[in-house]
Amino acid sequence: MSTESSPLLSYRLFRVSGEGEMPGVTQEEAPLVVGVVGSGGAHPDPARQLSTFFGVIVPTVLSMFSIVVFMRIGFVVGHAGFLQSLLMLVVAYFIISLTVLSVSAISTNGAVQAGGAYFMISRTLGPEFGGSIGLMFYLANVCGCGVYVLGLVEAILDDFGADGSVPPGAKALPQGYLYSFLYGSLVLFLCLLVCLVGSHIYSRAAFFIFLVVNIILVTIFASFFAVSPREITITHDGNQSLNASFTGFNISTLKDNMYAKYSQDYTTNNMMSFATVFAVMFNGCTGIMAGSNMSGELKNASSSIPKGTIVAVVYTFVIYFFLFFMTSFTCERALLIGDYGFFRAINIWPPFVLIGIYSASLSASMSNLIGASRILHALAKDDLFGIVLAPAKVVSKGGNPWVAVLYTWGLVQLVLLVGKLNTIASIVTVFYLVAYAAVDLACLALEWASAPNFRPTFQLFSWHTCFLGIVSCLVMMFLISPAGASGSLGLMLLLLGFIHLRSTASSWGYISQALIFHQVRKYLLLLDIRKDHVKFWRPQILLMVANPRGGSQLMKFINHLKKGGLFVLGHVEIGDLDTMPSDPIQAHYNFWLSLVDKLNIKAFVDLTLSPSVRQGTQHLLRITGLGGMKPNTLVLGFYDDCVPEDYFLQDPAFSQARENDEFGVDLAALQAHFPPVRPAESPRALSPAEYVAIISDAVKMHKNVCLARYFHLLEKDQPSSSSSSSSSSKRRFEGRYIDVWPLNLLRPHTPTYVDICSLFLLQMACILTMVTSWKSARLRIFLCVESGDLGWVSKEEKLRELLTKLRIKATIKIVTWDQVVALNGLQHPEAETPSPPGRPAPRDGETFLNAATFRVTDEYLASVNSLLRKQGGQTAVRFLYLPRPPADTSQYERYLEQLGVLTTDLGPTLLIHGLTPVTCTEL
């Protein structure tokens with residue numbers, strides 16, 4: 001259909017996944033596509049039939065009036081006086097107005113589904129906060145329904161009870177706790193029948209009640225002017241107590257009612273205070289979410305919720321203000337605190353007030369019952385509480401969640417056991433305040449996150465109003481009921497923890513991620529590399545991983561060495577993007593991140609596509625990280641023919657069948673993604689010369705280099721390696737050693753142990769001993785001397801002094817190595833052959849391994865290897881000095897062979913070449 005042929009066009013979002021995909025569009029190409037649909041092609045949801053007036057204004061006004069407008073105006077003014085009543089009204093409406101601004105902003109930022117406030121909170125703050133606060137809001141609606149039912153029963157008994165105003169000789173209703181519960185149950189059953197039929201019947205009934213309530217309010221206002229002053233007799237418990245006056249408009253009456261005079265509440269015999277009166281009065285303002293709760297039945301929820309709620313709030317505020325003012329002007333205090341239903345006694349026709357009380361209470365009860373059931377249904381659909389709420393997902397053919405209605409009806413029945421309205425009013429108020437604070441928090445988080453997609457059409461809010469709303473709600477919670485506020489917050493935290501432990505990740509989006517991104521960006525800009533200081537140095541490691549099946553133990557070990565620094569897993573895929581239809585790397589990230597989760601390591605993942613491993617490693621060394629958080633150390637697995645065992649088949653986390661992780665990667669998919677460990681005879685993507693060239697590239701780029709060998713053996717023979725207890729973790733390496741050889745073993749005549757590379761070795765070994773699971777291992781530092789060297793004592797003292805300055809606790813072990821030195825065949829340092837023309841002189845600790853100059857033989861290397869293995873005790877890991885690669889590229893393979901001979905059968909060994917200063921003896 002062309003645009004010219006149809007002026008009425010609407011835009012619709014097509015989700016391209018599974019069935020119903022758009023023809024010609026793949027899921028990868030367009031996971032979310034905006035399409036243009038003619039007005040005739042869209043099928044409206046049959047459950048969404050309510051307009052702004054019927055779906056928001058009517059239920060919100062009725063919920064905010066409820067029993068309070070007819071039965072608690074005198075209670076509030078009588079105890080608190082006009083000034084404090086006005087203060088309570090302003091404070092209450094100030095709090096709810098701030099929340100209304102937040103609700104309006106969130107609801108106009110996207111399509112609002114069923115669930116109202118719960119839906120908005122959960123889709124903003126995530127399932128943990130959404131589920132916990134949603135359940136709290138549900139409980140608030142349940143208790144609120146109970147309050148309104150109890151208020152209706154109280155009003156009925158005031159008129160038709162044995163102790164009420166029933167005419168003498170007429171048959172009165174029996175009174176008592178059980179009778180009150182019975183009457184409440186009957187009223188609630190009537191509400192249940194209406195709610196089971198559905199929201200449309202409720203909306204029609206609510207509109208009729210809305211008309212009735214407003215007509216009766218007109219008669220009440222008219223009565224203040226039309227009814228002449230009169231004496232009213234007040235009785236309690238069947239005994240005449242006192243006479244009180246309706247004075248008409250009288251300035252002395254207003255003066256007498258101006259200030260507070262708190263006394264006992266005749267319904268509970270409890271002494272009233274500002275907090276308890278405010279709790280009851282605030283119940284007349286807690287209905288602002290009644291329209292939001294109907295979001296699943298509204299034709300246009302995003303537009304209706306803000307408009308209808310604001311209109312309802314303004315309208316009810318005006319009514320309450322004039323009722324407070326006229327009551328204070330015309331009624332004695334004795335009348336107000338002695339008869340909470342005094343409107344009936346001063347009305348031009350008393351039955352009008354009775355009809356209003358019954359209608360408003362019944363409507364508010366139904367509103368809370370149906371609203372609570374919608375919240376429960378939304379909670380059940382999101383499956384946050386498992387099998388307990390699973391039946392609440394059931395709906396009728398018309399979309400009415402009748403099982404959720406039954407659940408809610410049963411809980412309200414339990415609330416009715418309390419028996420008195422004023423007793424549970426403070427609990428209801430606290431629950432509502434928690435929910436309102438959460439809505440403000442959700443809006444504040446969205447505003448602070450500065451996400452581009454947060455652009456609500458409602459603009460009359462800011463982070464200041466959100467923050468003020470949160471503070472106001474929390475302050476009032478603790479003023480009303482410190483114990484209730486503490487208990488509700490504690491309950492919310494328990495629910496939050498429960499949902500966090502049992503629920504999987506959602507596709508709703510997490511505001512925490514947006515906030516973290518926002519703050520991390522700010523801090524990265526503040527992390528200026530020009531301000532770095534050596535005393536705050538920490539390793540920032542890029543570990544190149546070919547196949548995690550054989551390298552997982554090394555990944556876990558390097559995780560211990562990072563010491564709060566950056567840890568990145570790098571991997572190079574061989575290929576050319578020019579020959580491919582799309583980048584294959586993006587689809588691999590999910591598998592690598594799931595691997596990180598299963599290994600329980602704190603690492604980032606960076607993958608690249610390159611024609612060679614060397615080029616890919618160069619790319620990662622240059623571009624990995626951001627700002628001041630970039631790798632300063634490259635770690636490579638050793639290049640040898642050793643074939644490690646498949647870690648995926650050894651670790652229970654990989655060998656046992658488990659469900660999909662929270663991002664949909666199951667165990668089978670993870671194992672299929674990473675190929676089996678390479679057999680020894682299979683071709684390699686990396687040659688020995690290219691491997692050494694990578695080391696040389698890293699040195700040229702001023703990166704520290706570590707070569708790790710035999711780390712697939714690290715987990716073997718280690719007791720309690722899979723234990724989760726902290727005590728067994730600390731004893732894991734008890735009796736074992738961390739050996740450090742801070743001397744360049746390929747240049748035994750090197751005169752010092754304190755060059756930059758040696759200090760780097762000491763620092764890395766010290767970091768390892770600071771890890772909980774390695775604290776029981778003992779650090780040994782080896783000092784190699786010749787038997788004829790009389791200065792070994794001085795060398796030991798200098799080394800011990802250095803360790804003291806560096807605050808490193810270690811044992812120094814003296815090793816004589818005459819036989820090793822004898823095999824070396826090196827010339828004395830003073831007689832060393834000068835560097836060939838055109839080649840730079842060796843730097844500190846550098847070895848070119850040129851046989852013509854240094855004559856390092858395999859026999860010598862085997863002797864050094866034997867020396868390393870003969871040291872007493874069980875060594876968990878060794879730290880060795882890694883010489884620089886030779887400048888002559890033709891010597892690369894020989895260099896690698898010599899490193900292989902040096903480290904043969906040593907067990908887990910880390911060869912380290914450090915280029916940067918890492919230690920500081922100053923404070």
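Preceding this paragraph is the structure being described.
Residues numbered from 1 in each chain as written. Predicted model: local features only at pLDDT ≥ 70, side-chain atom pairs only at ≥ 80, totals over all residues. Heavy atoms only, no water.

### Topic: empty space enclosed by the protein
Empty space among the atoms becomes visible once a probe the size of a water molecule is rolled across them. Rule in force here: A pocket, in this scheme, is an open set of points on a 1 Å grid over the protein atoms alone with protein on both sides within 12 Å along at least 5 of 7 lines, while a cavity is a set where a 1.4 Å probe fits but cannot get out; residues line either one if an atom lies within 4 Å of a point. Grid points are joined across faces, edges and corners, and a volume is the space filled by probe spheres set on the points. Labels follow the DSSP assignment, with helices taken as runs of H or I lasting at least four residues and strands as runs of E lasting at least two, numbered in each case from the N terminus. We call Asp, Glu, Lys and Arg charged. Ala, Val, Leu, Ile, Met, Phe, Trp, Tyr, Cys and Pro are nonpolar, and the rest, Gly among them, are polar.
Following the criterion strictly, the structure yields two cavities of 30 Å³ or more and no others. When its volume is computed, the largest cavity comes out at roughly 70 Å³. Taken together, Ser 63, Asn 141, Tyr 148, Thr 286, Gly 287, Met 289, Ala 290, Asn 293, Ser 367, Asn 368 and Tyr 432 form the lining of the largest cavity. The set of elements that each furnish at least two residues to the lining of the largest cavity consists of helix 5 (127–160), helix 10 (290–293) and helix 14 (351–381). Its residues assigned to classes, the lining of the largest cavity shows four nonpolar, seven polar and no charged. Within this model, the second largest cavity holds a volume of roughly 40 Å³. In terms of lining, the second largest cavity is formed by Met 71, Ala 155, Asp 158, Asp 159, Asp 339, Gly 341, Arg 344 and Ile 357. In terms of residues, the lining of the second largest cavity owes the most to one element, helix 5, which gives three residues. Along the lines of polarity and charge, the residues of the lining of the second largest cavity split into three nonpolar, one polar and four charged.

### A short note on the pattern of salt bridges
The cut-off we apply is this: In what follows, salt bridge is the name for a side-chain nitrogen of Lys or Arg lying within 4 Å of a carboxyl oxygen of Asp or Glu. Per-residue accessibility, obtained with a 1.4 Å probe over protein chains only, is compared with the maximum for each type, and a residue is labelled buried under 20%, exposed over 50%, and partly exposed between these values.
If you walk through the whole model with that rule in mind, you get eight salt bridges. A salt bridge links Asp 640 to Arg 709; its shortest N-O distance comes to 3.0 Å. With Asp 640 in the loop between strand 8 (633–637) and helix 23 (647–650) and Arg 709 in strand 9 (residues 704–709), this pair connects stretches of sequence that are 69 residues apart. A residue is classified by how much of its surface remains accessible, and Asp 640, at 16% relative accessible area, is buried. A salt bridge links Asp 858 to Arg 894, with the nearest nitrogen and oxygen atoms 3.0 Å apart.

### Comments concerning the environment of Cys 784
Along the chain, Cys 784 turns up in strand 11 (residues 778–785). Classification of Cys 784 as buried rests on a relative accessible area of 6%. Sequence separation between Cys 784 and Glu 796 is twelve residues, and the spatial gap between their C-alpha atoms is 10.0 Å.

### A few points about the packing of aromatic side chains
For any two aromatic rings, the description comes down to two numbers: the centre-to-centre distance and the angle of the planes. Short version of the rule: Aromatic rings from Phe, Tyr and Trp, with only the six-membered ring used for Trp, were paired whenever their centres fell within 6.5 Å, and each pair was classed as stacked if the ring planes differed by under 30 degrees, edge-to-face if by over 60, and tilted otherwise. By definition here, charges over rings are those cases where NZ of Lys or CZ of Arg is within 6 Å of the ring centre and within 35 degrees of the ring normal.
What the rule picks out here adds up to 31 aromatic pairs. Centre to centre, the rings of Phe 82 and Phe 325 are 6.0 Å apart; their planes meet at 65°, and the pair counts as edge-to-face. With Phe 82 in helix 3 (residues 73–107) and Phe 325 in helix 11 (residues 301–330), this pair connects stretches of sequence that are 243 residues apart. Since its relative accessible area comes to 9%, Phe 82 is described here as buried. Arranged with centres 5.4 Å apart and planes meeting at 70°, the rings of Phe 249 and Phe 329 form a pair that is edge-to-face. Pair noted here: Phe 249 is in the loop between strand 4 (239–246) and helix 8 (251–256) and Phe 329 is in helix 11, with a separation of 80 residues, a long-range link. For Phe 249, a relative accessible area of 36% puts it in the partly exposed group. By way of ring pairs, the aromatic residues Phe 82, Phe 225, Phe 249, Phe 325 and Phe 329 are connected into one cluster. Positioned above the aromatic ring of Phe 75, the side-chain terminus of Arg 72 is 5.8 Å from the ring centre.

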